[in-house]
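Here's the letter readout for the chains.
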Amino acid sequence: RLGELEGLLKVAIRKPEADDGGPLRVLGMLYLKAPPWPAGIGDLDLALEHLERAATDFSHHPMGHLYYAYALKEDFCGGETHTALTAAYRALDAGNWGAFAPRWRKECDAFKTELEK
């Protein structure tokens, strides 16, 4: 049913401003996490495209940067990965993310620890 989900998300990204780039983030992560062809719809290039757009067009949202960092790591872009993670921390510090902030910071911290290994 990944194809069905992909189709729904392709409709949703017609309004990328929803949830501050939420459709771009979700579709990008779907492409990043799904198994690649022929088993699934996973596609690192499409993941990078959508997540870069989310991070660029909605730069105030920390999760766009973090998810873009995940994709960059998969593409072996070390320096760019750290830059995106730093941008995620900056966006976290600059925004009023309420109850989401501690959970998102924990996710950023876990990814930072992973990168340092």
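Structural notes, computed from the coordinates.

What counts, and at which threshold
Residues numbered from 1 in each chain as written. Predicted model: local features only at pLDDT ≥ 70, side-chain atom pairs only at ≥ 80, totals over all residues. Heavy atoms only, no water. Axes fitted to C-alpha atoms, helices over the stretch in contact; angles between N-to-C directions. Helix = DSSP H or I, 4+ residues; strand = E, 2+ residues; numbered from the N terminus. Parallel < 35°, antiparallel > 145°, perpendicular 65-115°, else oblique. Left-handed = near helix turned anticlockwise from the far one by under 90°. Contact = heavy atoms within 4.5 Å. Nonpolar A, V, L, I, M, F, W, Y, C, P; charged D, E, K, R; others polar. Core = buried A, V, L, I, M, F, W, Y, C linked by side-chain atoms within 4.5 Å. Buried < 20%, exposed > 50% of the residue type's maximum accessible area, 1.4 Å probe, protein only.

Two numbers describe how helix H2 (residues 22–33) lies on helix H3 (residues 44–57): the axes approach to 8 Å, and their chain directions differ by 155 degrees. Between H2 and H3, the angle falls in the class roughly antiparallel. Pair H2 / H3 crosses with left-handed handedness. Of the residues in H3, those touching H2 at Leu24, Arg25, Leu27, Gly28, Met29, Tyr31 and Leu32 are Leu44, Leu46, Ala47, His50, Leu51, Arg53 and Ala54. Here the residues of the contact of H2 with H3 are counted per class, giving ten nonpolar, two polar and two charged.

Time to look at the nonpolar core. Membership of the largest hydrophobic core comes to 35 residues, with the highest contact counts inside it found for Leu66, Tyr67, Tyr68, Tyr70, Leu85, Cys108 and Phe111. Of all the elements in the fold, those that place two or more residues in this core are H2, H3, helix H4 (62–74), helix H5 (78–94) and helix H6 (100–116). Considering each element in turn, this core owes the most residues, eight residues, to H4. If we skip the residues at most four places from it in the chain, Tyr70 touches Met29, Leu32, Glu107 and Phe111.

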